[in-house]
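Single-letter residue listing:
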Amino acid sequence: MAQLDTREKLAILADAAKYDASCASSGTVKRDSRGGKGVGSTEGMGICHAYAPDGRCISLLKILLTNSCIFDCHYCINRKSSNVRRARFTAQEVVHLTLAFYKRNYIEGLFLSSGIIRSSNYTMEQLVEVARALREDHDFRGYIHLKTIPDADPELVRQAALYADRVSINVELPTVSGLERLAPEKSATRIEGAMKDMKLGIEDGKDARKKYRSAPKFAPAGQSTQMIVGADAANDGDIVMRASQLYDRFALRRVYYSAFSPIPSPSAVLPLKRPPLMREHRLYQSDWLMRFYGFKPREVVSAAGDDGMLPLDIDPKLAWALKFRDSFPVDVNKAPREQLLRVPGLGTKAVKRLLQSRRWRAITLDDVARLTVSIAKVRPFITTSDWRPTLLTDRADLKTLVTPRETQLDLFAG
Amino acid sequence: MADPADIAMLRDGPMIGAHHVTLASEDDFDGWRDAARGLAEAGVPPSAIAWQVDGGERDLFGGPETEPPPPGPSFAVPRAFVDLARTVICHRDPERFALLYAMLLKLRSNKQALEDRADPLVDRLEGMAKEVRRDAHKMHAFVRFREVEDDEGPRFVAWFEPDNHIVRREAGFFQRRFANMRWSILTPELTIHWDGQNLTEGPGATRAEAPDGDPVEETWKTYYASIFNPARVKVKAMTKEMPKKYWRNMPETALIGDLLAGAQAREAEMIKRSTTVTATTPRPTGNLDASWAALKAEAARCTRCELHQCATQIVFGEGPLDAAIVFVGEQPGDQEDLAGRPFVGPAGQLFNAALEEAGIDRTQAYVTNAVKHFKFVQRGKKRIHSKPDTSEIEACRWWVDRERELIRPPLTVALGATAARSLTGKTVTISKSRDAPLTLADGGECWITVHPSFLLRLPDEQVRREERAKFVADLQRIRKRAEALAA
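Residues numbered from 1 in each chain as written. Chains lettered and ligands numbered in written order. Predicted model: local features only at pLDDT ≥ 70, side-chain atom pairs only at ≥ 80, totals over all residues.

- As annotated in an unreviewed UniProt entry, chain A is Putative DNA modification/repair radical SAM protein from Sphingomonas rhizophila.
- As its UniProt record puts it under Cofactor (unreviewed entry), chain A is described as follows: "[4Fe-4S] cluster". (UniProt positions renumbered as here; feature names shortened; annotations may be inferred.)

**Comments concerning the overall build of chain B**
Alright, step 1. When its secondary structure is counted, chain B shows 17 helices and 14 strands.
Alright, step 2. Counting over 487 residues, chain B shows a buried share of 36%.
Alright, step 3. Here the contacts in chain B between residues at least 6 apart in sequence split such that 72% fall between residues at least 24 apart. (Helix = DSSP H or I, 4+ residues; strand = E, 2+ residues; numbered from the N terminus. Buried ≥ 20, exposed ≤ 12 C-beta atoms within 10 Å, placed from the backbone. Contact = placed C-beta atoms within 7 Å.)

**What about the overall build of chain A?**
Alright, step 1. Along its length, chain A carries 15 helices and 10 strands.
Alright, step 2. Each of the 414 residues in chain A was classed as buried or not, and the buried ones make up 51%.
Alright, step 3. Look at the contacts in chain A between residues 6 or more apart in sequence, and 67% of them connect residues 24 or more apart.

**Brief notes about the nonpolar core**
It is characteristic of soluble globular proteins that their nonpolar side chains tend to be buried jointly.
Alright, step 1. Core analysis: the largest hydrophobic core is formed by 182 residues, its most contacted members being A:L13, A:A131 and A:A160.
Alright, step 2. Look past the residues within four positions of A:A131 in its chain and what remains in contact with it is A:I144, A:L146, A:A160, A:Y163 and A:A164.
Alright, step 3. Membership of the second largest hydrophobic core comes to 42 residues, among which are B:F327, B:V328, B:V413 and B:A420. (Core = buried A, V, L, I, M, F, W, Y, C linked by C-beta atoms within 7 Å.)

**Here's the deal with helix α6 (residues 167-177) of chain B**
Alright, step 1. Buried within α6(B) we find B:V167, B:R169, B:E170, B:F174, B:Q175 and B:R177.
Alright, step 2. At its buried positions, α6(B) is contacted by α5 (120-142), β5 (183-186), β6 (190-194) and β7 (199-203) of chain B.

**Digging into helix α7 (residues 236-250) of chain A**
Residue and element names in this part refer to chain A.
Alright, step 1. Taking 1.5 Å as the rise per residue, α7 with 15 residues should run 21 Å; its terminal C-alpha atoms sit 21 Å apart, in good agreement.
Alright, step 2. Its buried side turned inward, α7 meets α6 (188-211), β7 (223-229), β8 (254-259), α8 (277-292) and α9 (297-302).
Alright, step 3. Positive phi shows up at A251, right after α7, with a value of about 50°. (Expected span 1.5 Å × (residues − 1).)

**Considering the pairing of strand β5 (residues 143-147) of chain A**
Each regular strand carries side chains that alternate between the two faces of the sheet.
Residues and elements named next belong to chain A.
Alright, step 1. Of all five residues making up β5, five are buried, and the element is well covered by its neighbours.
Alright, step 2. Side chains of β5 alternate between two faces, with Y143, H145 and K147 and I144 and L146 buried alike.
Alright, step 3. With four bridges joining them, strand β4 (residues 109-113) and β5 adopt parallel strand pairing. Counted as the bridge partner of L110 is I144 from β5.
Alright, step 4. In this fold, the crossover linking β5 to strand β6 (residues 166-168) by way of helix α4 (residues 154-163) has right-handed handedness. (Pairing = 2+ DSSP bridges. Right-handed = clockwise from strand over helix to strand, strands pointing away.)

**Side note on the interface of chain B and chain A**
Alright, step 1. Listed as interface residues are 63 residues of chain B and, on the opposing side, 63 residues of chain A.
Alright, step 2. Elements represented by at least two residues in the side of chain B that touches chain A include exactly α5, α6, α7 (216-227), α8 (235-241), α9 (256-280), α10 (285-299) and α13 (390-407) of chain B.
Alright, step 3. Counting residues per element, the side of chain B that touches chain A draws most heavily on α9(B), at 12 residues.

**Notes on the sheet that holds strand β8 (residues 325-329) of chain B**
Residue and element names in this part refer to chain B.
Alright, step 1. The five strands are arranged β9-β8-β12-β14-β13 in an open sheet whose pairing can be described as mixed. Of all the strands in the sheet, the pair left with one neighbour each is β9 (366-369) and β13 (438-439).
Alright, step 2. Here β13 pairs with strand β14 (residues 445-449) via two bridges, running antiparallel. Within β14, the position partnered with L438 by the bridge is C446.
Alright, step 3. Strands in contact with helix α17 (residues 461-486) are β8, β12 (411-415) and β14; relative to β12, the strand with the most contacts, it is inclined by about 165°. (Axes fitted to C-alpha atoms, helices over the stretch in contact; angles between N-to-C directions.)

**Regarding the packing of helix α4 (residues 96-109) of chain B against α5(B)**
All names here are of chain B.
Alright, step 1. Close contact between α4 and α5 brings their axes to 10 Å; oriented N to C, the two are set at 135°. On the basis of the axis angle, α4 is oblique to α5. Regarding α4 and α5, the two cross each other, and that crossing is left-handed. Two secondary-structure elements touch here, α4 through R96, L99, L100, A102, M103 and K106 and α5 through L121, R124, L125 and M128.
Alright, step 2. Looking at the contact of α4 with α5, its residues break down into seven nonpolar, no polar and three charged. (Parallel < 35°, antiparallel > 145°, perpendicular 65-115°, else oblique. Left-handed = near helix turned anticlockwise from the far one by under 90°. Nonpolar A, V, L, I, M, F, W, Y, C, P; charged D, E, K, R; others polar.)

Structure (structure tokens):
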């Protein structure tokens, strides 16, 4: 086969990496390039340097080291039996590409993953080498996210965490049976074992930093994971419960969802049709409800329909409010924060502002309107000094009043 | 556009003895603070001050600089206001100086005035600050450097057009990030340069002064096009975060039109290719076998209908996965249920004999059932076969479909009405449909004939012989058809 040049390889290996949802560059320690010899800074907030027409942010150079793989996971475009073109970067090529992009302000850093070649340990060594060269040879101080290989030697994973800001291991599928069926060589116990080790490593690293300022930083942006939605039979309820369990057990920063998209030459056991993209969005919203709005996983699940699926036409918070109308209306002048957060249409910021403002004045409906995006959505669920939703929460057709209107049928909606 | 409430706030009161303040630059916070402090201490109302920027357009009623008013008692403002004012000063709205001053006066009488987020003035200022912060954030994101060589080595130059007066404010970000690079950012209002040691300023520039290309941009565009997933198109989400006004200075955005046009076609082709290509090209057997084994293992835990509760085990299909013919029976019987294999009981023996007569090698065919668990009623010690109902057929159809998806047989034979129902999804009369094949949803042919157990149940010897001959004749025709399809 003819030698591929860097651009050809980049086309293949970026294409192969696009099914990883995460592109976050946030949540790490503050640092910059002053006093060093390289480039790079991280200032807490992530930066999205561009947006692709799929609506996703491009923050990191997200590539695979190679898309050759000895595994045969059915949902994956890079599986052994797939007939995609294969390519492989050398560690040096990735380092140069990262630096060239970074210096032109295209990216925040690197998100490196890989197909498994030869063995898990060999692959992991290659990933670690890229991170090492960036950090040590080039004094690169931007963001690095490494995907770790579950079966790799714990010492290699530890090294990865010392160079990277964030490490992740994908749980791949929400159910164990789904994993058995679609990723026969992967094992849920091994994946979870690796996540547990990482969690302990991060905790130890934090403890050490408390005692000695010079202790090395260990994955300062924590660990995350991803699962594919719509490739197996798990419903939204299962997924929400699984995600919350993962958050609890492994102290994850994020659980990413990736709506299964039809991949070229898929395996025969997969559905050909993609799940609606909206489903992914609703799952993220439910994720937010648990992380920022004080919802218990059980409560989110109770907002789902009888089939365990979250409604696609309205967001899960509104669905919950419509189901549990006895919790409303909420008095914005008196209710505690937890209760205000349950009101559909009131976000965390709006609630914070309401709490701040009501120390100075009796909140009127106009005030609420100024602090929120859509007063129509909020109105039925609150009382203010000049507003009372008479019987509104008892109306059978309330859902139609607060559901956002369809503007135009979306050609590309699933 | 100013809110009427703000205008009232700013313009009320007599315009007597108007004060004129000239600031050094658009983002001259220190100048504003010094002037505003003196005016506020003297209690000058907002309406009596005309703010202007040196070199900017002069107020229509602008007069000469006026003497500062006699000082009054000083007062302190909260830290949060200083931060807010530093940010709002960078906003493009010429009213910002006056609005900030109005807020300052408000704070003089009420130190906590800033906490009342529902107050229209606070809301307006917070809104302006938000715009400035967003503009700054977009500057961090969308500045694109191009590399040029000069006497001292490589230098990185960018052309950027911010909405607000943020360049000086944001210089620090680039300084921290690219401390060891030499770089310049050119904007229409101001240029800033970093030489690795010092930050210097220059007058505004034009686009023509910036370099017009960089070879790495082609690589970056390759990345941009490749990371885009054509199976999901969300233009609104893209333009919300990357408004079109920024596009002209970002090399990768030139690709967006083509990517969108190609996306639909690419996805449609992807689905088409995966159905057609995989149907004709043999797939590596390793994967196929593993998939089938995984499917069988999964089926062993099936609880899709009630039948799994009483049956001994699931009876999954068996045979080569590249079989030319798939036979689908009704459901396992007593002996199949115990053995875990299809067609091993009395009906199975009859089936084997008929296949042999028709010249079909059973070991070359894939044999399975429409319903995979034994359904029966217990009579004494005997388990009497009972016909599966529609819901059970429907529940189990999922497995049959998966089996056929793996094998993709050109020819499927439905043995009996239950199998025909499972394969076609409707009720068929065997006598009417056994002569010609039907086409299934995946394009394969479906032949329908009787179930061997039907022959066992016929009481009349003569009729049984006739029906058996017909069954064998059906099988012969099927064999010939399979051979024709394979050729």
